[in-house]
Amino acid sequence: DMFVAVASSGTRKQVMYARDGVTWSTRTSGTVPNQWQSVARGDAGAADNAEDDTIVAVGASADDSQVMTSVATPSPGGLRCISAWNGSTWSPLGAGVNGGTTVLRALNDDTLVVAGLFSRVGTYPDDVNGLATWAGGVWDGQGGRGFDFNIKSLLAVAPTTVYVGGDFYRGGCCGGITYTTNQPLPPEGSPDWKTMSTGFRHPTEIPGLVDALALLDGTVYAGGYFNETGDGGVDLANLAYWTDDTWQTVGPGLNEDGTGNTSVRTLASDDTRGLLYVGGTFDDTAGGAGNGVCDDTNIAVGPLRCVTVWDAGINQFIPFKWGSEDDSNGLTGEVKAFVVDDSVVYVGGQFNTWPEGGFPQAWNLKNVGKWTWGAPSAALSTSSGASGTSVSISGSRLIGVTEVKFGTTPAAFTRSSITSMAATVPNLAPGTYTVTVNAVGGIANAGTFTVPSNPRPPVPPQPTPTASPTPTPTPTPTPTPTPTPTPEIDIGGKRSGDMAIVTGRMEGAGPGALVTAYTRTKRGVPYTEGSTVMVNANGTFRWTRAISSRKTLWVYFTADGVKSNILRLTP
């Protein structure tokens, strides 16, 4: 059976397996880095009506106290299909729903959002179309009214924002994705359901299919089956992120065969490390040499094979590489679910151990597997230098790096790949320091670095003059140079709804001078030149920019070669 859902609850990782309704534990035969491992079955008991049915969704409550599961078939009496497991006991969520839910997401401590193939929820009097909330012990279905096709994905951002993805086309507005900041969810036709540009289009028509949603460092990512925005203005490749009020492709994107057989099916983010885990039926990046389809009936040949991780710090897709051969990577079939716990990744889907696919028969994956990232290695290019020196670091598995330290002092760093990076020696006292790099697989010791002391050289003794003394001339005073003053800069900014507003003055930029803004809305990306404004008659300038109320903006200004400090304007 196809494994379709995983979730975590506190320190216990719950991995739900299809067809038997029990909880899979995290027990494995030890931890083997950079290798897929099978996951052993636990003994949690069966959910209501789950003994002979397929679990189609699972999610953790906001306080990590419960795991909610859903099955595909209603109870003989009508509703139910959804239950909660608190570690020892199953309990229903009211009267439940009348069909399987495909996604469960906790919005806050009081509200669970569910989506799927159901038309009735609890005692709500009207038909719904696959979207509802469970809050305060009561079902509410008004948010599902008006969606004309299937809802496939949800993203809940506390305290009240809900993103909805699928293949719907509500009133010609959405192209597979919409969101609201209102709770309870607004009804059909409400302007509180917001558009995100024109949504998505797949190769033949609007809407595209949005199968997965995730939030990484405050940025919304969408995965599915689409090749451009709904208006055709931006080329995409099954994976996109929302920035500056439009969708952009993530790196080169992921490949597709033009039939819908290749797509992104699931996303999971690791905000701490800037990693986005991506699963589906792709086998390569867009334009790569893969044959397109990765599922349980096709032996994919591309370097990704159904699963990859996007490292936002270097803007690269990283394969799950488990062997030295070119095809020793990924999995042998569709990936539909993740649980990420720093260096440990659980995956679920429709894949098995295929000897002809290159996997060792002993792995015995059977639709659910565990991956542990191997320890990184690192080495310094030089072993000594002054504070402020840039030091190259080479190594392996430098993935999701969060910190470089000289002793206990953090250092600024940049990365170019998972094998190459550079760090700037921080302001340190003379001495020898151990340099460490913190990556997803652990902390690598890069060696020691010495900051030398720099004593002044002794002044040689001056010879005693033997000639007759001569009159001492009156010295001509040397004028003291006038120091160049530091330009005075005084700027400040604020957010007002969907507007960023900055006002201030920059010395040397008098009335009529031009001040240029440089902005970015995401860490790790270059600043881009923006608009130019003119200094007013009173010597001040005012700059504004429209920006989504959910995004952070970084901005600085230049005028006549003078650069201001960087402002960080948060929603």
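Residues numbered from 1 in each chain as written. Predicted model: local features only at pLDDT ≥ 70, side-chain atom pairs only at ≥ 80, totals over all residues. Heavy atoms only, no water.

Caption draft 1: Structural detail: the environment of valine 339. Here valine 339 is to be found in strand β26 (residues 334-341). For the pair valine 339 and leucine 267, spaced 72 residues apart in sequence, the C-alpha to C-alpha distance is 9.9 Å. (Helix = DSSP H or I, 4+ residues; strand = E, 2+ residues; numbered from the N terminus.)

Caption draft 2: Fine view of the pattern of salt bridges. The full count for this structure, using the stated rule, is nine salt bridges. The salt bridge involving aspartate 342 is made with arginine 273; its shortest N-O contact spans 2.7 Å. With aspartate 342 in the loop between β26 and β27 (344-350) and arginine 273 in the loop between β22 (264-270) and β23 (275-280), the pair connects residues that are 69 residues apart, well separated along the chain. On the basis of relative accessible area, arginine 273 is assigned to the buried category, the value being 9%. Each of Asp211, Arg265, Glu334 and Lys336 takes part in one network of salt bridges that share partners. (Salt bridge = Lys/Arg side-chain N within 4 Å of Asp/Glu carboxyl O. Buried < 20%, exposed > 50% of the residue type's maximum accessible area, 1.4 Å probe, protein only.)

Caption draft 3: Local environment of the sheet that holds strand β15 (residues 177-180). Taken together, the three strands give an open sheet; going across it, the order is β13-β14-β15, and neighbouring strands pair in antiparallel fashion. If you trace the sheet from one side to the other, it starts and ends with β13 (151-157) and β15, each paired once. Direction aside, the axes of adjacent strands within the sheet are offset by 15 degrees on average. Note: β13 against strand β14 (residues 161-166), six bridges, orientation antiparallel. Paired with serine 153 across the bridge in β14 is glycine 165. (Pairing = 2+ DSSP bridges. Axes fitted to C-alpha atoms, helices over the stretch in contact; angles between N-to-C directions.)

Caption draft 4: Focus on the side chain of lysine 551. Within the secondary structure, lysine 551 sits in the loop between β41 (541-546) and β42 (553-559). Here lysine 551 sits buried without a salt bridge, and the closest side chain of opposite charge, aspartate 244, lies 6.3 Å off (N-O distance). Here the side chain of lysine 551 touches tryptophan 242 through a polar contact of 3.4 Å, landing on its backbone oxygen. Setting aside chain neighbours within four positions, we find lysine 551 in contact with Thr219, Trp242, Thr243, Asp244, Arg495, Thr521, Leu569 and Pro571. (Lys, Arg positive; Asp, Glu negative; His and termini not counted. Polar contact = N/O pair within 3.5 Å; in protein donor to acceptor, adjacent residues only side chain to side chain. Contact = heavy atoms within 4.5 Å.)

Caption draft 5: Highlighting the pairing of β15. Side chains of β15 alternate between two faces, with Ile177 and Tyr179 and Thr178 and Thr180 buried alike. As defined by bridge partners, β14 adjoins β15 across four bridges and the pair is classed as antiparallel. In the sheet register, glycine 165 faces β15, and the bridge partner there is isoleucine 177.

Caption draft 6: Main features of unusual backbone geometry. Backbone torsion omega between alanine 158 and proline 159 reads 5 degrees, so that peptide bond is classified as cis. You can see proline 159 is positioned in the loop between β13 and β14. Note that the residue after glutamine 183, namely proline 184, is joined by a cis bond; omega there is 0 degrees. As for its placement among the helices and strands, proline 184 is situated in the loop between β15 and β16 (200-201). Phi at aspartate 217 is positive, roughly 55 degrees, even though this residue is not glycine. The topology assignment puts aspartate 217 in the loop between β17 (209-216) and β18 (219-225). Taking relative accessible area as the criterion, aspartate 217 reaches 33% and is therefore assigned partly exposed.

Caption draft 7: Region of the structure containing the sheet that holds strand β29 (residues 377-380). Judged by pairing direction, the sheet is antiparallel, and its four strands sit side by side in the order β29-β30-β34-β33 without closing on themselves. With one partner strand each, in any of the chains shown, β29 and β33 (413-415) form the two edges of the open sheet. Mean inter-strand twist for the sheet, computed between neighbouring axes without regard to direction, equals 25 degrees. Of the strand pairs in this sheet, strand β30 (residues 390-396) and strand β34 (residues 420-424) are connected by five bridges, and their pairing is antiparallel. Pairing of valine 391 across the sheet is with alanine 423, part of β34.

Caption draft 8: Structural detail: the side chain of arginine 545. Structurally, arginine 545 can be placed in strand β41. There is a polar contact of 2.4 Å between the side chain of arginine 545 and the side chain of aspartate 244. Those residues in contact with arginine 545, other than ones at most four positions away along the chain, are Asp244, Asp498, Met499, Ala500, Thr519, Thr521 and Leu553.

Caption draft 9: Fine view of the packing of aromatic side chains. This structure, assessed with the given rule, holds 17 aromatic pairs. For the ring pair tryptophan 134 and tryptophan 139, a centre distance of 5.2 Å and an interplane angle of 50 degrees mean the geometry is tilted. One exposure class covers both tryptophan 134 and tryptophan 139, and it is buried. Both rings, one in tyrosine 527 and one in tyrosine 556, keep their centres 5.1 Å apart while their planes meet at 70 degrees; by these two values the pair is edge-to-face. Placement of the pair is tyrosine 527 in the loop between β39 (514-520) and β40 (528-534) and tyrosine 556 in strand β42, with a sequence separation of 29 residues. Residue tyrosine 527 is classed as partly exposed on the basis of its relative accessible area of 22%. By relative accessible area, which is 13% here, tyrosine 556 ends up buried. Site record: aromatic cluster; members linked through ring pairs are Tyr277, Phe320, Phe338, Trp371 and Trp373. A cation over a ring is seen here: arginine 520 above tryptophan 554, with NZ or CZ 5.3 Å from the ring centre. Its end group placed over the ring of tyrosine 556, lysine 563 keeps NZ or CZ at 4.4 Å from the ring centre. (Phe/Tyr/Trp six-rings, centres within 6.5 Å; stacked < 30°, edge-to-face > 60°. Lys NZ or Arg CZ within 6 Å of the ring centre and 35° of its normal.)

Caption draft 10: Local environment of the confidence of the model for the chain. Here the chain averages 77 in pLDDT, and 71% of its residues register 70 or above. In this model, residues 1-30 is a region of pLDDT below 50 whose contacts with residues beyond four sequence positions or in other chains number 127 contacts. Contacts for the low-pLDDT stretch residues 482-486, under 50 throughout, to residues beyond four places or in other chains number one contact. (pLDDT = per-residue confidence, 0-100.)

Caption draft 11: Summary view of the environment of glutamate 507. Tracing the backbone shows glutamate 507 in the loop between β38 (499-506) and β39. The spacing of glutamate 507 and valine 562 is 55 residues in sequence and 8.5 Å in space, taken between C-alpha atoms.

Caption draft 12: Here's a closer look at the environment of valine 451. Mapped onto the elements, valine 451 comes out in strand β36 (residues 442-451). Valine 451 sits in the buried class, given a relative accessible area of 6%. Along the backbone, valine 451 and tyrosine 433 are 18 residues apart, and their C-alpha atoms lie at a distance of 8.1 Å. If sequence neighbours within four positions are ignored, valine 451 has contacts with Gly385, Ser387, Val425, Leu428, Ala429, Pro430, Gly431 and Tyr433.

Caption draft 13: Representation of the pairing of β29 within the structure. Along β29, the buried face is formed by Ala378 and Leu380; none of Ser377 and Ala379, which line the opposite face, is buried. The sheet contact formed by β29 and β30 spans four bridges and is antiparallel. In the strand pairing of β30, leucine 380 is matched with isoleucine 393.

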